[in-house]
Amino acid sequence: MMLRPGRARGYVLLACAWLLVVLSGLVWSFDYDRARVLQLAQSRYGSPAVQAVEAWFDLMERGPAASEPETLRVVNDFWNTRVQGSTDQAVWGQEDYWATPLESLGKRAGDCEDYVIGKYFSLIRLGVAPEKLRFVYVRARIGGIGSQESIAHMVLGYYPTPNAEPLVLDNLVGTILPASQRRDLTPVFSFNAQGIYAGGQTTSVDRISRWRDLLTRMQQEGFQP
């Protein structure tokens, strides 16, 4: 059966609208199979990992704090104290590996990306809108004022409104500060589930293969990111 052009366009628009609804649901939610995740924690890493993951679930399931800034602080403190800073080479034997939250809590160690991943999904579960959060690649100056030495680093940026100055959640500096007060950081680009932001332009986050791989492994562990 052939459709008239007007009706065909209507079906296309309806299909696109439905796809947007589905994608929106995927972006806005973060759920998990608690029993499956805990079983994997036990089999892979043992009882200490189970206790760490249970503490994480308890944090998320008791709901957000009285205010969004307080929710940020609680989540930032949880991940900064539960995971010890290390390198992917030391933890995973690879130069660059994005660990799932289960893997980070199981190993109790991770690098900057792993902290950001844990904080990002925790905050989404606690009701922070995903568009307020971005993974931000930066150059971090080390060695104090006047030092020219810097390292590649990642932080989590929180934007209370689209054009607001972001707050920076970091594992190097435990206090959450506005970006203007983190003069040791030079942003390179940022991204979230909605896209990659660089030079005033937005492109698809699917270009970041490690992001796609991370989501696939989380789904295999019992998460629904």
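Everything below is about the structure printed above this text.
This section reports on the structure supplied with the text. (Residues numbered from 1 in each chain as written. Predicted model: local features only at pLDDT ≥ 70, side-chain atom pairs only at ≥ 80, totals over all residues. Heavy atoms only, no water.)

Observations concerning helix α7 (residues 112-125)
Turning to step 1, where the next piece is worked out: Over its 14 residues, α7 runs 20 Å from end to end, which matches the ideal 20 Å to within 8%, given 1.5 Å per residue.
Turning to step 2, where the next piece is worked out: Once α7 finishes, Gly 127 follows within two positions and takes phi at roughly 100°, a positive value. (Helix = DSSP H or I, 4+ residues; strand = E, 2+ residues; numbered from the N terminus. Expected span 1.5 Å × (residues − 1).)

Quick notes on unusual backbone geometry
Turning to step 1, where the next piece is worked out: Although it is not a glycine, Arg 108 adopts a positive phi angle of roughly 55°.
Turning to step 2, where the next piece is worked out: As for its placement among the helices and strands, Arg 108 is situated in the loop between α6 (101-107) and β3 (109-110).
Turning to step 3, where the next piece is worked out: Given a relative accessible area of 47%, Arg 108 falls into the partly exposed group. (Buried < 20%, exposed > 50% of the residue type's maximum accessible area, 1.4 Å probe, protein only.)

Focus: the environment of Thr 216
Turning to step 1, where the next piece is worked out: Mapped onto the elements of the fold, Thr 216 is located in helix α8 (residues 209-221).
Turning to step 2, where the next piece is worked out: Along the primary structure Thr 216 and Thr 100 are separated by 116 residues, whereas in three dimensions their C-alpha atoms are 9.9 Å apart.

Considering the nonpolar core
Turning to step 1, where the next piece is worked out: Ranked by internal contacts, the top residues of the largest apolar core, which has 47 residues, are Phe 30, Trp 56, Phe 57, Phe 191, Trp 211 and Phe 223.
Turning to step 2, where the next piece is worked out: Broken down by secondary-structure element, the contributors of at least two residues to this core are α2 (34-45), α3 (47-61), α4 (68-82), α6, α7, β4 (133-141), β5 (150-158) and α8.
Turning to step 3, where the next piece is worked out: Discounting chain neighbours no more than four positions away, the residues touching Trp 56 are Phe 30, Phe 78, Trp 79, Pro 101, Leu 105, Ser 122 and Phe 223. (Core = buried A, V, L, I, M, F, W, Y, C linked by side-chain atoms within 4.5 Å. Contact = heavy atoms within 4.5 Å.)

Details of the layout of surface pockets
Turning to step 1, where the next piece is worked out: In this structure, the second largest pocket spans a volume of roughly 270 Å³.
Turning to step 2, where the next piece is worked out: Val 136, Val 138, Tyr 159, Pro 166 and Pro 187 are, among the 20 residues lining the second largest pocket, the residues nearest its centre.
Turning to step 3, where the next piece is worked out: Elements with a minimum of two residues in the lining of the second largest pocket: β4, β5, β6 (167-169), β8 (185-192) and β9 (195-198).
Turning to step 4, where the next piece is worked out: For the lining of the second largest pocket, the element with the most residues is β8, which contributes five residues.
Turning to step 5, where the next piece is worked out: Considered class by class, the residues forming the lining of the second largest pocket number 15 nonpolar, three polar and two charged. (1 Å grid on protein atoms, 1.4 Å probe; cavity = no way out; pocket = protein on both sides within 12 Å on 5 of 7 lines; lining within 4 Å. Points joined across faces, edges and corners; volume = space filled by probe spheres on them. Nonpolar A, V, L, I, M, F, W, Y, C, P; charged D, E, K, R; others polar.)

Considering the packing of aromatic side chains
Turning to step 1, where the next piece is worked out: Considering all chains together, one arrives at 20 aromatic pairs under this definition.
Turning to step 2, where the next piece is worked out: Where Phe 30 meets Phe 121, the ring centres are 5.1 Å apart and the plane angle is 40°; that geometry is what we call tilted. With Phe 30 in the loop between α1 (5-28) and β1 (31-32) and Phe 121 in helix α7, this residue pair connects regions lying 91 residues apart in the sequence. The two residues Phe 30 and Phe 121 agree in class, both being buried.
Turning to step 3, where the next piece is worked out: Residues Tyr 32 and Phe 57 carry aromatic rings whose centres are separated by 4.2 Å and whose planes lie at 5° to one another, so their mutual orientation is stacked. Highlighted residues: Tyr 32 in strand β1 and Phe 57 in helix α3, separated in sequence by 25 residues.
Turning to step 4, where the next piece is worked out: The positively charged end of Lys 107 is found above the aromatic ring belonging to Trp 92, 5.1 Å away from the centroid. (Phe/Tyr/Trp six-rings, centres within 6.5 Å; stacked < 30°, edge-to-face > 60°. Lys NZ or Arg CZ within 6 Å of the ring centre and 35° of its normal.)

On their own, these measurements won't tell you what the molecule is for.
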